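Overview (structure and organization)
Now for the letters of each chain:
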2 protein chains.
Amino acid sequence: MTTTDRHELRDLSVEECWTLLGTRTLGRIAWTTADGPVVLPVNYGLAGETVWIRTSAYSALVREADQSRVAVEVDLVDEATRTGWSVLVRGTAHVRFPRDGRATPPEVETWPAGPRPLWVVVDPREVTGRRLGPAR
Amino acid sequence: MTTTDRHELRDLSVEECWTLLGTRTLGRIAWTTADGPVVLPVNYGLAGETVWIRTSAYSALVREADQSRVAVEVDLVDEATRTGWSVLVRGTAHVRFPRDGRATPPEVETWPAGPRPLWVVVDPREVTGRRLGPAR
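Just so it is clear, the model here is predicted, and its values are computed rather than measured. (Residues numbered from 1 in each chain as written. Chains lettered and ligands numbered in written order. Predicted model: local features only at pLDDT ≥ 70, side-chain atom pairs only at ≥ 80, totals over all residues. Heavy atoms only, no water.)

Comments concerning the overall build of chain A
Let me state the cut-off plainly: Strands here are runs of E lasting at least two residues and helices are runs of H or I lasting at least four, both read from the DSSP assignment and numbered beginning at the N terminus. Working definition: with a 1.4 Å probe on protein chains only, accessible area under 20% of the residue-type maximum means buried, over 50% means exposed, and in between means partly exposed. Only heavy atoms enter the contact rule, under which two residues are in contact if any of them lie within 4.5 Å. Accessible surface area values rest on a Shrake-Rupley calculation with a 1.4 Å probe, where residue burial reflects the displayed protein chains alone. A positive count includes Lys and Arg, and a negative count includes Asp and Glu. His and the chain ends are not counted in either. Taken as the charge centre is NZ of Lys, CZ of Arg, CG of Asp or CD of Glu, depending on the residue.
For chain A, the helix and strand inventory stands at two helices and seven strands. Expressed along its principal axes, the backbone C-alpha trace of chain A runs to roughly 50 × 35 × 30 Å. Across the 136 residues that make up chain A, the buried fraction comes to 49%. Contacts in chain A between residues far apart in sequence, at least 24 positions, make up 69% of those at least 6 positions apart. As displayed, chain A has an accessible area near 6700 Å², and 50% of this comes from carbon and sulfur atoms. Seen as two clouds, the 17 positive and the 18 negative side-chain charges of chain A have centres 2 Å apart.

Concerning the pattern of salt bridges
We count it as follows: Any carboxyl oxygen of Asp or Glu within 4 Å of a side-chain nitrogen of Lys or Arg constitutes a salt bridge here.
Taken as a whole, this structure holds 18 salt bridges over all chains when the rule is applied. Salt-bridge contacts for Glu16(A) lead to Arg10(A); the nearest nitrogen and oxygen are separated by 3.6 Å. Classification of Arg10(A) as partly exposed rests on a relative accessible area of 26%. Of the charged contacts in the structure, one is a salt bridge between Glu73(A) and Arg28(B), with a shortest N-O distance of 3.4 Å. Of this pair, Glu73(A) sits in strand β5 (residues 69–78) while Arg28(B) sits in strand β2 (residues 26–33), placing the two residues on different chains. No difference in accessibility class separates Glu73(A) from Arg28(B), as the two residues are buried.

Section: the packing of aromatic side chains
Residues and elements named next belong to chain B. For clarity, the threshold we go by: Two aromatic rings from Phe, Tyr or Trp, using only the six-membered ring of Trp, form a pair when their centres are within 6.5 Å; if the ring planes differ by under 30 degrees the pair is stacked, by over 60 it is edge-to-face, and anything between is tilted.
Taken as a whole and judged by the stated rule, the model has two aromatic pairs over all chains. Taking 5.4 Å as the distance between ring centres and 75° as the angle between the ring planes, the aromatic pair formed by Trp52 and Trp119 counts as edge-to-face. Taken together, the residues span a long stretch of sequence, with Trp52 in strand β4 (residues 50–55) and Trp119 in strand β7 (residues 118–133) at a distance of 67 residues. Classification of Trp52 by relative accessible area gives buried; the value is 3%.

Right under this line is the structure:
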């Protein structure tokens, strides 16, 4: 096999998607504005089958995405072999304040400096994923 | 410095964004559907200050995103040092057929097997980016 082989895309099961989501801590969240979609990298964690994102109180995400449809994309690719996977969680975002008593947040370390006191919780409606690898 | 240092986010100039976009070939495109945004990994190339994505004739991207607002996100992160950058190109997508004579596509290798005869060209309205690194 050479690095220029082009591999097959195959769909992942929902169970495989959740397993893969649990192996990563950096994803990207997309939401829609009047000027079209926005995509930004975020640190996330899982609590059951919900995705939790820590954010600052003044973020565009909080201002624009609360109670809106969003998508969280997570992937891992190996550029040398051109293989990898991607998972897409589509659902509704809800801004939650710390200790609102409704659920226990997962442990999420945020990479940028500065306070990240709020949570954006994504309740999934659909979870899909694909793996790019050698044909079986 | 330890890996648990939390770094500063700083905005990139538009020129820095285009330079960084030119160093990568894998990004993610987001578009909006009636059920909210979708984000999928794509191979891309640049021709001037437009982003070109190769896709199959029957892709959801072609069906749903032609003449629509889209966003292309490209990033590179080093998980060990928790540093990296991300660039977001927001604009309008146009589906183009091969050799329509209006512009010369860049070289874009696609990683998945199968034909990718169409192009989706993103004309940018806004290019923004951020770098996460040590404070200067």
